[in-house]
Amino acid sequence: MTVTGQDTDARRAHGALDDGRSSVRLRAALAVGTAPDPRYVAALVERCAVEPEFFVRDMLTWALTRHPVSVTLPALLRELRSERPQARSQALHTLSKIGDRRAWPAITPRLLADPDDEVARSAWRAAVLLIPEGEGAALATILAAQLGRGERETRLSLSRALVALGEAAEPALREAATAPGPGVRAHALATHRLLRDPDAGFEFAVEEAKRVVVLGGATGRAAGGGTGRPPGDASEHGGQ
């Protein structure tokens, strides 16, 4: 069998993507993205699943966006069924960057409620970018079921996703504001505040929502559709 120059280049690229030095892996991803070749897609996707460095993963995603969607889309959709959380998370992130709405059916409720926070956050971001017209209320209901989950960054990501759905998120947020758990109610109120007042900072909205929940005003405040500011509080607030 004759080994062509292209075969040699492909093997070199694969080897460089697995190199122990992050700088070499970064240059390899840059080179593959600069000169796209469908033979590299599998290696790029495989590397995304295990790459420990954020900046290298970002370059891998960029390189994948440079290749034909007809090649990258099937490979990325397969990764959504991977047992590796990073494989699922990075595939979702890359799908959101590619922006092809044919990926929408693969953003399942299971992924949107993935037990791994990074996977769930990536799924939320991808969902609001890929969602077809008319699906906003249904997606908001699924997302609202995750309110109160995780630490600050996870909650902020979820709030941003719900806010991105606009008015379609209103019913789900109002319903969540009546939930038994105070953490869920506070998160719902904070998100509702951000929806009605995008300039409100997340921290301010959360602290305000906690005060409302403590005072027992969760239901009325969510349904009121006003600024969400506690009665008598005319103070100004800062950004995030």
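Residues numbered from 1 in each chain as written. Predicted model: local features only at pLDDT ≥ 70, side-chain atom pairs only at ≥ 80, totals over all residues. Heavy atoms only, no water.

## Considering the overall build of the chain
The secondary structure content of the chain amounts to 14 helices and 0 strands. Moving toward the C terminus, one meets the helices and strands of the chain in the order α-α-α-α-α-α-α-α-α-α-α-α-α-α. Burial analysis of the chain (240 residues in total) assigns 46% to the buried set. (Helix = DSSP H or I, 4+ residues; strand = E, 2+ residues; numbered from the N terminus. Buried < 20%, exposed > 50% of the residue type's maximum accessible area, 1.4 Å probe, protein only.)

## Quick notes on the pattern of salt bridges
With the rule as written, the count across this model stands at 13 salt bridges. A salt bridge links Arg39 to Asp37; the nearest nitrogen and oxygen atoms lie 2.7 Å apart. Glu167 is the partner of Arg196 in a salt bridge, and the nearest nitrogen-oxygen pair spans 3.0 Å. Taken together, the residues span a long stretch of sequence, with Arg196 in helix H12 (residues 182-196) and Glu167 in the loop between helix H10 (152-164) and helix H11 (170-176) at a distance of 29 residues. For Glu167, a relative accessible area of 53% corresponds to the exposed category. (Salt bridge = Lys/Arg side-chain N within 4 Å of Asp/Glu carboxyl O.)

## Digging into the nonpolar core
Formed by 55 residues in total, the largest nonpolar core has its most connected members in Leu44, Leu92, Leu112, Leu139, Leu143, Leu147 and Leu162. Examining the composition of this core, we find that 7 residues originate from one element, helix H8 (residues 117-130), more than from any other. For Leu112, the contacting residues outside a window of four places in its chain are Ile107, Ala120, Ala123, Trp124, Ala127, Leu139, Ile142, Leu143 and Gln146. (Core = buried A, V, L, I, M, F, W, Y, C linked by side-chain atoms within 4.5 Å. Contact = heavy atoms within 4.5 Å.)

## A short note on the environment of Val45
By the element assignment, Val45 lies in helix H3 (residues 41-48). For the pair Val45 and Thr72, spaced 27 residues apart in sequence, the C-alpha separation works out to 8.5 Å.

## Quick notes on helix H9 (residues 136-144)
Considered for burial, the residues of H9 that qualify are Gly136, Leu139, Ala140, Leu143 and Ala144. Buried residues along H9 cover an arc of 135° about the axis, so they all sit on one side. Residues of H9 that are buried in the fold lie against helix H7 (109-112), H8, H10 and H11. (Arc of directions from axis to C-beta.)

## Some details on the confidence of the model for the chain
When pLDDT is averaged along the chain, the result is 84, and 78% of the positions lie at 70 or above. Long-range and interchain partners of residues 1-5, a stretch whose pLDDT sits below 50, account for 3 contacts in this model, where long-range means more than four residues apart. Contacts from residues 218-240, a stretch scored under 50 in pLDDT, to residues over four places away or in other chains number 47 contacts. (pLDDT = per-residue confidence, 0-100.)

## What to know about the environment of Gly33
Position of Gly33 among the secondary structure elements: in helix H2 (residues 22-34). Linking Gly33 and Ala63, residues 30 residues apart in sequence, is a C-alpha distance of 3.8 Å.

## Focus: the packing of H8 against H10
Interaxial distance between H8 and H10 falls to 9 Å at its minimum, and their mutual angle equals 15°. Here H8 is positioned roughly parallel relative to H10, judged by the angle of their axes. Here H8 and H10 pass one another in a crossing that is left-handed. Together, Asp117, Arg121, Trp124, Arg125 and Val128 of H8 and Glu153, Thr154, Ser157, Leu158, Ala161 and Ala164 of H10 make up the contact between the two elements. In the contact of H8 with H10, the residues fall into 5 nonpolar, 2 polar and 4 charged. (Axes fitted to C-alpha atoms, helices over the stretch in contact; angles between N-to-C directions. Parallel < 35°, antiparallel > 145°, perpendicular 65-115°, else oblique. Left-handed = near helix turned anticlockwise from the far one by under 90°. Nonpolar A, V, L, I, M, F, W, Y, C, P; charged D, E, K, R; others polar.)

## Examining the side chain of Ser122
If you trace the backbone, Ser122 turns up in helix H8. Not counting chain neighbours up to four residues away, the residues in contact with Ser122 comprise Ser89, Leu92 and His93.

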